[in-house]
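# Per-entry structural report
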Amino acid sequence: MSGPLSAPSKKETTLKRVAILFAGGPAPAANAVISTAAAAFQRNGIEVVGIMHGYSNLAHYSPEKPLEEGLHWVKLQSSLLKRSRNTQGIMIGTARTNPGKDVSHPSHLDDPKLSAPLRRAYEALVSIGVDALISIGGDDTLKTANKFKMFQDRMPAGAKRIPVVHLPKTIDNDYMGIDFTFGYFTAVEFLASEVRNLLYDAEASQAYFLTETMGRSAGWLSYGAAIAGEASLVISVEDIIGSYRTSETYSDELTGETETHQVMDVDRVISRIVKTMTARDAEGKHFGVIVLAEGLAELLPMKYLKGIPRDEHGHISISHVNLGRMFAKLVGDEYKKQTGKGRRVTGLQLGYESRCARPQAFDVMLGSQLGVGAYRALVEEGLNGVMVSVTGQLQLHFVAFEKLIDLETLVTMVRYIEPNSDFHRLARFLETYVNE
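Residues numbered from 1 in each chain as written. Predicted model: local features only at pLDDT ≥ 70, side-chain atom pairs only at ≥ 80, totals over all residues. Heavy atoms only, no water.

## Describing the overall build of the chain
Inclusion rule: Runs of E in the DSSP output that reach at least two residues are strands. Runs of H or I that reach at least four are helices, and both are numbered from the N terminus. Within these notes, the globule rule equals 2.2 Å times the number of residues to the 0.38 power, and the radius of gyration is based on C-alpha atoms. Residue contacts follow a heavy-atom distance rule, with two residues in contact if any of their heavy atoms lie within 4.5 Å.
When helices and strands are tallied, the chain shows 10 helices and 13 strands. Taken over the C-alpha trace, the chain has a radius of gyration of 24 Å; the compact-globule value for 436 residues is 22 Å, and the two agree within 12%. For the chain, the spread of C-alpha atoms along the three principal axes comes to 75 × 60 × 35 Å. Counting contacts in the chain only where the partners sit at least 6 residues apart, residues at least 24 apart contribute 75% of the total.

## Side note on the side chain of Glu 238
Formally: Partly exposed describes any residue whose relative accessible area lies between the buried limit of under 20% and the exposed limit of over 50%, with all areas from a 1.4 Å probe on protein chains only and scaled to the type maximum. Charge assignment in this entry is limited to Lys and Arg as positive and Asp and Glu as negative, and neither His nor the chain termini are counted. The term salt bridge refers to a pairing of a side-chain nitrogen on Lys or Arg with a carboxyl oxygen on Asp or Glu at a separation within 4 Å. Here a polar contact is taken to be a pair of N or O atoms separated by no more than 3.5 Å, where protein atoms must pair a possible hydrogen donor with a possible acceptor and residues adjacent in sequence count only if both atoms sit in side chains.
For Glu 238, the position within the fold is in the loop between β7 (233-235) and β8 (245-251). It is Arg 415 that comes nearest to the buried, bridge-free Glu 238 among opposite-charge side chains, at 8.7 Å. A distance of 3.0 Å separates the side chain of Glu 238 from the backbone nitrogen of Gly 219, its partner in a polar contact. There is a polar contact of 2.9 Å between the side chain of Glu 238 and the side chain of Ser 236. If we skip the residues at most four places from it in the chain, Glu 238 touches Ala 218, Gly 219, Tyr 416, Ile 417 and Pro 419.

## Details of the packing of helix α6 (residues 220-229) against helix α10 (residues 422-430)
Note the cut-off: Comment: axis = line fitted to C-alpha atoms, over the contacting stretch for helices; angle = value between 0 and 180 degrees taken between N-to-C directions. Throughout, a crossing is termed right-handed when the near helix is turned clockwise from the far one, and left-handed when it is turned anticlockwise from it by less than a right angle. Residues are grouped as follows: Ala, Val, Leu, Ile, Met, Phe, Trp, Tyr, Cys and Pro are nonpolar; Asp, Glu, Lys and Arg are charged; every other residue, Gly included, is polar.
Following both chains from N to C, one finds α6 and α10 inclined at 35 degrees, their axes separated by 10 Å at the closest point. Considering only the axes of α6 and α10, their crossing is left-handed. Across the interface between the two elements, Trp 220, Tyr 223, Gly 224 and Ile 227 of α6 pack against Phe 423, His 424, Leu 426, Ala 427, Arg 428 and Leu 430 of α10. Class assignment of the residues belonging to the contact of α6 with α10 gives a composition of 7 nonpolar, 2 polar and 1 charged.

Structure below.
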């Protein structure tokens, strides 16, 4: 007999051992995801192992150097999981090793050299008897999970298949297919508390802080920190449209080719920040905190990016730009030019310190539901190649990889804040009013 207090019934399954892997940057509530997923499988008699430090050991596996228990993988037993949902850090570690980085088109999966790291990862999991894989991570990890599935789809009939389910993770909250990612609200709360502290500091000394928050592609983290932290103004990549955007033509130093691309109108953005400051002056508030998303650095004209290193994809190293400090100087100079008065403006970078903060309740609940969702996807639904998602009151649903990834380029899509959406407008209602 089943009822509202009945435990979930055990299900018939061929799965004997499931592996959990975490990759990419840390996020609060990581252990809630890992421990609840492990507990859900264990109550159905399925053994769970944690792969240590992402794909770093799997991608370099060889039969001559087998995976060692305790070093490369661990059994996630009840004694290890006890009261772990609310703990900080990542119990199985993480890494950014990406065995699918050389695969950028489906045809590359047929190239033994390009797909070799994926094959090694597959063989490593087979070597320790893994029947299914749960990957936890950001968009790169989702891409890897999809490539791992596609690689297996090409194997001969009768070969062992390891179904893969992905759980979305990023404090940036810019994931397609889910409204909020675990760790986002904890990171926002941590950053908002720092913004509030800086407000008291700024008020005491009649000064300004320009805080640069994480969020390379979208402004969810900066907007959340600004709204909850009561900042004076927030600017993210989504705001660089219309009159705040311009075009720039430059010559590539390596190729000599001339290129034209869209960039930020820095003077216009600086002017908008100063307008906030003068509006606050008129209200008798000679202080404030401005929040900037780090992704704005990607939109800077070339003259601001000289000497900044780039990765193999041509993306600038945002951490080397120090957008807050750069803009602080420009804002201070423009404020003095307009008002004839000096005002101390200090640039700060915030973000890394939020990634392993103690998780707040909502992120623990969200992470726990995603962890249980991995069990339900693999055992109850028998799915493969899906991302676990939630809507509304943590209602589970499963999104096929092909709905989240471009089938030709194998890349994911970024979920931006929609300009003039209610969330976007919320910040405009709460920050210092500027009539323009």
